[in-house]
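# Summary of structural features
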Amino acid sequence: MEAKELLDSLDVGILAMAPDWTIAEWSAAAARITALPADRVLGQSIWIAFPAAKGTELERVFGDVLADGRPRTFLAPAGAPEAPGTVLETRVTRGVGDHLAVAFRPVHEELAPESRAAQLLSALEAERRLYLQLFSSLPTPALVLTPDGQILDTNSEGAKLLGGTDAAALRGRALAEWAPASQQGMLAAALRHAVTRRQDVALSFEFAGEPAREVRAVVVNVDPVRAAPKLLFLALDVSREMLLQQRLLQADRLSQLGALVSGVAHELNNPLAAIAAFGEALALDPHQADLEESAEVIRSEAMRAGRIVQTLLDFARQRPRIQTAVDLGEIAERVLALQRSALKKARIRATVSVPNDVPAVAGDPQELQQVMLNAVVNARQAIEGTGRPGQITIAGRLSDHHVLVTVDDTGPGVPPEILDRVFEPFFSTKPEHGTGLGLAISFGLVRGMGGRMWMQNVEGGGARLSFELPVDAGSPDATARATGRPAAQRLSLLVVEDEEAVRRAMALLAKRLGHEVTTVGRFAEATARLAQPGARYDALLVDVHLDEAHTGFDLFDHLRTEGRGLEQRIVFTTGDSISTQTRDALERADRPVLRKPFSLDDLREMLERVAAG
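Further remarks concern the overall build of the protein. Within the protein, the regular secondary structure consists of 17 helices and 22 strands. Buried residues in the protein amount to 45% of all 613 residues. Contacts in the protein between residues at least 24 apart in sequence constitute 59% of all its contacts with a sequence separation of at least 6. Total accessible area on the protein is roughly 31300 Å²; 53% of this is exposed by carbon and sulfur atoms.

Quick look at the structure:
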């Protein structure tokens, strides 16, 4: 019989410990007694088999036997969670090459219950079981370390913190393995100082392919009497807490941005309304044909600037979800307008291909804009990662009572192994810049509107984000409108607007439609006009913000108090609909709103609605 077979046949566990205190041999009986297979301990530190013995009598015995060569025998708990309640009789001898031979066997059952040794060991085991239960049941990560950072033991939460599920596999490893190089010196110093004084540390634990985990920990010496202390490392994973703080900070910044945009929107949209109106009037003037192209550029750019302001208002506004007909082509153009500078800087060409015969979809305009913006930002970042110019293509088409929208990019595509995870919350391929929430939010928004979303790679390179939304059942077919067409009915209008340029522009557009127009600039002038004998107006275009002492709502309340029904002919005009006070007042008045800047067709449609009502 070979020596290995002979050792394995014994009831006594046998191990050989090399001079560097690693396990060189491990018998079958040793595996049975400790419940640790050989493949888990060979080549590992001796303390992986006896974690609770680090810094105890056993460590001193090993050192003494190595020093003088005299064998020693002693009793001690096994100390491993795999062998709870086991007390070992251990014999240590020195062999060739300064190897130690350790023979051990369980003896707890063999002691007479009335013996003093049995009573002491039973009390020791009771204390040990209590410690293990407390340690294992802690709801936070806990590790037992040596002062040099070696892991002696960990509870299940501690194993999860370090990216594993097997606590035994972590024993004997250095905690510094999970800390970035820049923090390893700080960790080592904190562990040294923790021998004599409690330490509070903040660390980042890194994992391959996963975002770093931010950890705050308390380190205390729980065995200060012994020469080889044990440190308890109680940790708290604050990654989610920090992410929440970042979200709250972003929300606060968004709130501040909303207040800022609300304050300047009126100041921006009023001049934009005047520029757009005069540009459109100039473009339609048959006597200024040579200026038609320039006038159209002025008008279109003023309207584009107005749409950008409105987009900022939409993003900052907090409001309940609505369901209405949405033109996806218009949404795509608005998003690209917001991203124009970033796309240009990244050398990305963006195009929209949504034919005129694609019907409107049923959804929330603000939410669809967020979905589209998330898609474009992801596509832009993917292309930027290549360092090369690229292209983003937004396309829409009708597909079986749904509108299919695709956003293609010429980036590197999505690794096949993570295609199924791109919509998971907090999953991101951009740990430094991404939050892992953009696509997850978009996925939920599309589903909430009765649609679906998916991701795929494009043959030849790049990725395609696709989503389907139901066609709006009440949307009429698109009809061409003749710009500059006179109104079907001539109306008498009163324009109440405090800014002269805007007042003149509104009058110019209304007269172009064939209406009779009277303009005033202040609340007192409006009430005086309306009080004149024989004064009759089919519609009143009233700005929300009038003079320093009055608003358009004051005029509305004044007319309602008079009881002649003139308040029902008001159309409010505004460049600011974000403030809570303005929004609530508009809802209470329940009157149509014409947002600045507006086009000739916008004005025609609004006046036709009023005339028909």
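Moving on, there is more to tell.
On the basis of which strands lie adjacent, the open sheet formed by five strands has the order E19-E18-E20-E21-E22 and parallel pairing. For this open sheet the edge positions go to strand E19 (516-520) and strand E22 (593-595), each flanked by a neighbour on one side alone. Between one strand and the next, the sheet's axes are offset by a mean angle of 20°, whatever the strand orientation. Lying on the sheet, helix H14 (residues 523-531) is in contact with strand E18 (492-496), E19 and strand E20 (539-543); it crosses E19 at an angle near 135°.

It is worth spelling out the packing of helix H10 (residues 328-345) against helix H11 (residues 365-384) at this point. At a minimum axis separation of 9 Å, H10 and H11 run at an interaxial angle of 40°. As judged from the angle between their axes, H10 and H11 are oblique. The crossing of H10 and H11 is right-handed. Where H10 abuts H11, its residues Leu328, Ile331, Ala332, Arg334, Val335, Leu336, Leu338, Gln339, Ala342 and Leu343 lie against Pro365, Leu368, Gln369, Met372, Leu373, Val376, Val377 and Arg380.

Moving on, we come to empty space enclosed by the protein. Tallied over the full model, the rule gives two cavities of 30 Å³ or more. In terms of lining, the second largest cavity is formed by Ala273, Ala274, Ala277, Val502, Ala505, Met506, Leu509 and Phe598. Of all the secondary structure elements, the ones that give two or more residues to the lining of the second largest cavity are helix H8 (239-284) and helix H13 (500-512). For the lining of the second largest cavity, the element with the most residues is H13, which contributes four residues.

Here we come to the nonpolar core. Formed by 39 residues in total, the largest nonpolar core has its most connected members in Met372, Ile392, Ile394, Met455 and Phe467. Listed by contribution, the elements that provide at least two residues to this core are H10, H11, strand E14 (390-399), strand E15 (402-409), helix H12 (438-448), strand E16 (452-457) and strand E17 (463-470). Broken down by element, the residue count for this core peaks at nine residues, all from H11. Setting aside residues up to four positions removed in sequence, Met372 forms contacts with Leu328, Ile331, Ala332, Val335, Ile394, Val405, Val407 and Phe467. The next biggest cluster of nonpolar side chains, apart from the first, holds 29 residues, and it includes Ile23, Trp26, Ala30 and Ile48.

Turning to the sheet that holds strand E12 (residues 348-353), a few remarks are in order. Taken in spatial order, the five strands make up an open sheet running E12-E14-E15-E17-E16, and their pairing is mixed. Because the sheet does not close on itself, it has two edges, and the strands there are E12 and E16. Looking at each pair of strands side by side, their axes are set apart by 15° on average, direction ignored. Where E15 lies against E17, eight bridges are found, and the strand directions are antiparallel. Across the sheet, residue Asp409 finds its bridge partner in E17, namely Ala463. Packed onto the sheet, H10 meets E12, E14 and E15 and runs at close to 175° relative to E12. Contacts from H12 reach E16 and E17 within the one sheet, and its direction differs from that of E16 by about 135°.

What follows concerns H11. The first and last C-alpha atoms of H11 sit 28 Å apart over 20 residues, in line with the 28 Å expected at 1.5 Å per residue. The N-cap residue of H11 is Asp364: its side-chain oxygen and the backbone nitrogen of Glu367 are 3.2 Å apart.

Working definition: two side chains of opposite charge can pair if their charged atoms are close together. A full pass over the atoms with the stated rule returns 17 salt bridges. Of the charged contacts in the structure, one is a salt bridge between Glu468 and Arg452, with a shortest N-O distance of 3.2 Å. Taken together, the residues span a long stretch of sequence, with Glu468 in strand E17 and Arg452 in strand E16 at a distance of 16 residues. The exposure class assigned to Glu468 is buried, which follows from its relative accessible area of 13%. Residue Arg604 pairs with Asp601 through a salt bridge whose shortest N-O separation is 2.4 Å. Pair noted here: Arg604 and Asp601 are both in helix H17 (residues 600-612), with a separation of three residues, about one helical turn. Each member of the pair, Arg604 as well as Asp601, is classed as buried. In this structure, a network of salt bridges that share partners links the residues Glu497, Asp543 and Lys596.

It is worth spelling out the side chain of Gln339 at this point. By secondary structure assignment, the location of Gln339 is in helix H10. When its relative accessible area of 11% is taken as the criterion, Gln339 is described as buried. Apart from the residues within four sequence positions on either side, Gln339 is in contact with Leu373, Val376, Val377 and Arg380.

Okay, the pairing of E16 next. Taken together, the six bridges between E16 and E17 define a ladder with antiparallel strand orientation. Each bridged residue has a counterpart across the sheet, and for Trp454 the counterpart in E17 is Ser466.

To continue, consider the side chain of Thr90. Along the chain, Thr90 falls in strand E4 (residues 87-94). A residue is classified by how much of its surface remains accessible, and Thr90, at 7% relative accessible area, is buried. Once residues lying within four places of it in the same chain are set aside, the contact partners of Thr90 are Arg72, Thr73, Phe74, Val102, Ala103 and Phe104.

Glancing now at helix H4 (residues 57-68). Under the 1.5 Å per step criterion, the end-to-end length of H4 is 16 Å for 12 residues, consistent within 8% with the ideal 16 Å. Three or more residues of H4 are buried, namely Leu58, Glu59, Val61, Phe62 and Val65. All buried residues of H4 fall inside an arc of 160° around its axis, so they share one side. Gly69 lies just past H4 and shows a positive phi near 75°.

So, about the environment of Val544. Within the secondary structure, Val544 sits in the loop between E20 and helix H15 (552-562). Given a relative accessible area of 1%, Val544 falls into the buried group. Residues Val544 and Asp498, 46 residues apart in the sequence, show an inter-C-alpha distance of 9.8 Å.

Here is what the cut-offs are and how they apply
Residues numbered from 1 in each chain as written. Predicted model: local features only at pLDDT ≥ 70, side-chain atom pairs only at ≥ 80, totals over all residues. Heavy atoms only, no water. Helix = DSSP H or I, 4+ residues; strand = E, 2+ residues; numbered from the N terminus. Buried < 20%, exposed > 50% of the residue type's maximum accessible area, 1.4 Å probe, protein only. Contact = heavy atoms within 4.5 Å. Areas by Shrake-Rupley, 256 points an atom, 1.4 Å probe, with all protein chains shown as cover. Pairing = 2+ DSSP bridges. Axes fitted to C-alpha atoms, helices over the stretch in contact; angles between N-to-C directions. Parallel < 35°, antiparallel > 145°, perpendicular 65-115°, else oblique. Left-handed = near helix turned anticlockwise from the far one by under 90°. 1 Å grid on protein atoms, 1.4 Å probe; cavity = no way out; pocket = protein on both sides within 12 Å on 5 of 7 lines; lining within 4 Å. Points joined across faces, edges and corners; volume = space filled by probe spheres on them. Core = buried A, V, L, I, M, F, W, Y, C linked by side-chain atoms within 4.5 Å. Expected span 1.5 Å × (residues − 1). Polar contact = N/O pair within 3.5 Å; in protein donor to acceptor, adjacent residues only side chain to side chain. Salt bridge = Lys/Arg side-chain N within 4 Å of Asp/Glu carboxyl O. Arc of directions from axis to C-beta.

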